[in-house]
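As a plain string of letters, each chain reads:
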Amino acid sequence: MADALSAIPASLLRNLSDKLYEKRKNAALEIEGIVKQLAIIGDHEKISAVIGLLTAEFTYSPQANHRKGGLIGLAAATVGLSTEAAQHLEQIVPPVLNSFSDQDSRVRYYACEALYNIAKVVRGDFIIFFNQIFDALCKLSADSDANVQSAAHLLDRLVKDIVTESDQFSIEEFIPLLRERMNVLNPYVRQFLVGWITVLDSVPDIDMLGFLPDFLDGLFNMLSDSSHEIRQQADSALSEFLQEIKNSPSVDYGRMAEILVQRAGSQDEFTRLTAITWISEFVKLGGDQLIPYYADILGAILPCISDKEEKIRGVARESNEELRGMYADPAEGFDVGAILSLSKRHLFSEWEATRIEALNWIWTLLKRHRVEVLSFLNDIFDTLLKVLSDPADEVVLLVLEVHACIAEDPQHFRQLVVFLVHNFRVDGVLLEKRGALIIRRLCVLLDAERVYRELSTILEGEADLDFASTMVQALNLILLTSSELSGLRDLLKQSLVNAAGKNLFVALYASWCHSPMAIISLCFLAQTYMHASGVIQSLVEEDINAKFLVQLDKLIRLLETPIFAYLRLQLLDPGRYTWLLKALYGLLMLLPQQSAAFKILRMRLKTVPAYSFGGDHVKRTSSGNLYTQILHHMPSGSQVMEDGDASLDVGSLPNGINFIARLQQFEHMQRQHRTHSKSQLQLRHRDTSGSSKEMQRQEEPLMMSLPAMNRPPARSSSKGGT
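1. Looking at the overall build of the protein
Turning to step 1, where the next piece is worked out: A tally of regular secondary structure across the protein gives 38 helices and two strands.
Turning to step 2, where the next piece is worked out: Within the protein, contacts between residues separated by at least 24 positions form 70% of all contacts whose residues are at least 6 apart in sequence.
Turning to step 3, where the next piece is worked out: On the protein, roughly 33000 Å² of surface is accessible, and the fraction owed to carbon and sulfur atoms is 49%.

What follows is the structure in structure tokens.
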């Protein structure tokens, strides 16, 4: 201290702390001269003493004017040292940096000015303090005083110039500081940071791209800033980096992919678009590097496929196709299980497009990595079944393709049909709304005969008789009406002359026994009209209820469709197809006379021409009582014969159908249904007497359940009726 006081007059020290700027400035010029002279003679000890005096007595003084003077003095001393200033920077710079956080805005302003002058003198030697200076400038960029901000900007530009021309700058030491600051929300600080990133990236010797993962998330965070200028600056910086990535032979795609995946789910539209654009480029450029990240990348793409913004949807779809088009080997780190798990999760997305693409991924994996996918089947199978209830038809059709692909193996085919029946059992709405679509599509994908045989096998032993009846009725309606099952119908028409048709008829018969109307329909389809008549004759009072009549109404209407054109044409030859006529008249007798179905069938039967039976010409009477004449000329006996078989006992043929056994099978099943219905009725009766009465009315024969106006005439007046 004594050495410093001996070199600096007391009057000079007083002026250095004067409240007038001009006096402080003149005092600083004198200090510059004194230090310059000391430097010339090489008296660095005294120079250190002077700097120590300025620091201790001035820059750390409680008086603001003293602190201002001290800062001007330190800058002047640096100017005086000139080329020899570097060895004293450890003393000079820290007190200046400390003044950046001074409570007095004027002191902070003078600190910027002082450091600016110091930097101009020492240039590259200044770099050793870069991180501390950067940290201070980062804070000053958001200073509340406009003059301080302006001074800080001037200093910032100078520091950037020094860094870009220096070969001593350490990017490795700087990046941790930059990463720490990137999540700051202050708009001025964000502008400051983007400015530095852009400047450093422009320096050829500094590899900012190699450190991009450290601050990439921060740049993406700025894309949603409320300031348009900041968003524009961040986007410009990101665009530049993306271009560099395209031109660079070595890029760390993995770390950046993790960041992009997170940002692709941002609430900000611009951020999502930028992130998905980067992902799209990464998918094209990343190659094998991205294999471990496929699941994460796909997790970002799938939601964006359904984004409300068209640009985002377009880029996401393109990325998805590109990614799915790339073949990855599990041996190279491709995680099939992760992709399946991700796709499974997105099957319940609220967006249809996303659900569709998730299914497309499962289907693609099945085709490429079948063994690996089937090893995870227990994890995804139940979910795939639930998707059958999806409200979108396209999703249901696609998941059926996935199921069909899985079911190529016999054990998985059986599992699919068993679980499908179970789902129909527990979810009646699924059967009602999606049953036809599901069954028809599976018949196309997996062979209709195979599907129906398996369904029949399962339903034959179904314990829930009500469900079995409903399911068989649904399957029967699909069989009769679906264009996809025309081949199956053609095969059944050959049941009496073809072994394959016979086998199919017998296979379906066992489960079709759950529904009288289904059996009758099957017989009509197989042209086993004599057996159809026998089934109709076997029906008892309890069988003819409201449900039966609803099904009968549907069948009568179906008989008028092109599917049964062959049957209607056979009515032109009543002499040959007498059992068909008897079966149809049997159905007519079961219908209420006032019903539309009765009128339709009666009108059809009235068009049947009169033919000879056994040489006796049958003439239609005015009453139209053709049925009586047909019965009169029919052979009697218990032999089981079918039209078109030359009156042979087909039940005794080696390749024939044992219709006696089939009829017994049907009657046995119907007895089970009647017993079940009675037990159900008794249970309901115990619960509530009111509901018991209602159920009894529903289970009564048709003649008891009809309103008075719909009842047939009394027996005495019905002799001339049908």
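2. Focus: helix α7 (residues 105-122)
Turning to step 1, where the next piece is worked out: Here α7 spans 26 Å end to end across 18 residues, near enough to the 26 Å set by a 1.5 Å rise per residue.
Turning to step 2, where the next piece is worked out: Residues of α7 that are buried include every one of V107, R108, Y110, A111, C112, A114, L115, I118, A119 and V122, and no others.
Turning to step 3, where the next piece is worked out: Where α7 is buried, its residues meet α3 (21-41), α5 (64-81), α6 (89-99), α8 (130-140) and α9 (146-165).
Turning to step 4, where the next piece is worked out: The N-capping residue of α7, defined by a side-chain oxygen 2.8 Å from the backbone nitrogen of R106, is D104.
Turning to step 5, where the next piece is worked out: Positive backbone phi, approximately 50 degrees, marks R123, located one or two places after α7.

3. A short note on the packing of aromatic side chains
Turning to step 1, where the next piece is worked out: Taken as a whole, this structure holds 22 aromatic pairs when the rule is applied.
Turning to step 2, where the next piece is worked out: Geometrically, the ring pair formed by W278 and F282 is tilted, given 5.9 Å between the ring centres and 50 degrees between the ring planes. On the criterion of helical spacing, the pair formed by W278 and F282 is a turn pair, its members being four residues apart in helix α15 (residues 269-286).
Turning to step 3, where the next piece is worked out: A network of ring pairs unites the aromatic residues F130, F134, F169, F174, F192 and W196 as a single cluster.
Turning to step 4, where the next piece is worked out: For the cation-ring pair, R106 lies above Y109, with the distance from its terminal atom to the ring centre recorded as 4.9 Å.
Turning to step 5, where the next piece is worked out: Stacked on the ring of F413, the Lys or Arg R450 has its end atom at 3.8 Å from the ring centre.

4. Quick look at the environment of R674
Turning to step 1, where the next piece is worked out: Looking at where R674 falls in the secondary structure, it is placed in helix α36 (residues 659-687).
Turning to step 2, where the next piece is worked out: For R674, a relative accessible area of 18% puts it in the buried group.
Turning to step 3, where the next piece is worked out: For the pair formed by R674 and D543, sequence separation is 131 residues and the distance between their alpha carbons is 7.6 Å.
Turning to step 4, where the next piece is worked out: With residues near it in sequence (within four places) discarded, R674 still touches V540, E542, D543 and E667.
Turning to step 5, where the next piece is worked out: One polar contact links R674 to D543, side chain to side chain, over a distance of 2.9 Å.

5. Description of the nonpolar core
Turning to step 1, where the next piece is worked out: W278, Y452 and F524 are the most contacted members of the largest nonpolar core, which totals 237 residues.
Turning to step 2, where the next piece is worked out: When near neighbours in sequence (up to four residues on either side) are disregarded, Y452 contacts I439, C443, L475, I478, L479, L485, L488, L508 and W512.

6. A short note on the packing of helix α21 (residues 377-386) against helix α22 (residues 393-406)
Turning to step 1, where the next piece is worked out: Packing of α21 against α22 brings their axes to within 10 Å, and their N-to-C directions diverge by 140 degrees. By the criterion of interaxial angle, the relationship of α21 to α22 is oblique. With respect to the hand of their crossing, α21 and α22 are arranged in left-handed fashion. Facing L377, F381, L384 and L385 of α21, the residues of α22 in contact are V399, V402, H403 and I406.
Turning to step 2, where the next piece is worked out: Residue composition of the contact of α21 with α22, by class: seven nonpolar, one polar and no charged.

7. Topic: the environment of A151
Turning to step 1, where the next piece is worked out: Among the secondary structure elements, A151 is positioned in helix α9.
Turning to step 2, where the next piece is worked out: Between the alpha carbons of A151 and S141 there is a distance of 9.4 Å; along the sequence they are 10 residues apart.
Turning to step 3, where the next piece is worked out: With residues near it in sequence (within four places) discarded, A151 still touches Y109 and C112.

8. Things to note about the side chain of S469
Turning to step 1, where the next piece is worked out: Locating S469 in the fold gives a position in helix α26 (residues 465-481).
Turning to step 2, where the next piece is worked out: The contact partners of S469, leaving out residues within four places of it in the chain, are H514, S515 and H673.

What counts, and where the lines are drawn
- For every chain, the first residue of the written sequence is number 1, and numbering continues from 1 onward in sequence order.
- Only residues with pLDDT of at least 70 are given local features in this predicted model, and only at 80 or more are side-chain atom pairs given and counted; all residues enter the totals for whole chains, interfaces and linings.
- Only hydrogens and water are set aside; all other atoms, that is, all heavy atoms of the structure, feed into the side-chain values.
- Labels follow the DSSP assignment, with helices taken as runs of H or I lasting at least four residues and strands as runs of E lasting at least two, numbered in each case from the N terminus.
- Residue contacts follow a heavy-atom distance rule, with two residues in contact if any of their heavy atoms lie within 4.5 Å.
- Per-residue and other accessible areas were derived by the Shrake-Rupley procedure at a 1.4 Å probe size, with only the shown protein chains allowed to occlude residues.
- By definition here, a helix of n residues has an expected span of 1.5 Å times n minus one.
- For every residue, the accessible area obtained with a 1.4 Å probe (protein chains only) is divided by the maximum for its type, and the residue is called buried under 20%, exposed over 50%, and partly exposed between those limits.
- N or O atoms within 3.5 Å of each other form a polar contact, as long as, within protein, one can give a hydrogen and the other can take it, and as long as residues adjacent in sequence are counted only when both atoms are side-chain atoms.
- Put simply, two rings from Phe, Tyr or Trp (the six-membered ring, in Trp's case) pair if the centres are within 6.5 Å, and we call them stacked under 30 degrees between planes, edge-to-face over 60, tilted for the rest.
- Note on geometry: a ring has a charge over it if NZ (lysine) or CZ (arginine) is within 6 Å of the ring centre and within 35 degrees of the ring normal.
- By nonpolar core we mean a set of buried residues, namely Ala, Val, Leu, Ile, Met, Phe, Trp, Tyr and Cys, connected to one another through side-chain atoms within 4.5 Å.
- Helix axes are fitted only over the stretch in contact, all axes being lines through C-alpha atoms; the angle between N-to-C directions runs from 0 to 180 degrees.
- Oblique is the label for every angle not falling under 35 degrees (roughly parallel), over 145 degrees (roughly antiparallel), or within 65 to 115 degrees (roughly perpendicular).
- Handedness of a crossing is defined here by the sense of rotation of the near helix relative to the far one, left-handed for an anticlockwise turn of less than a right angle and right-handed for a clockwise turn.
- Gly is placed with the polar residues, together with every amino acid not listed as nonpolar (Ala, Val, Leu, Ile, Met, Phe, Trp, Tyr, Cys and Pro) or charged (Asp, Glu, Lys and Arg).

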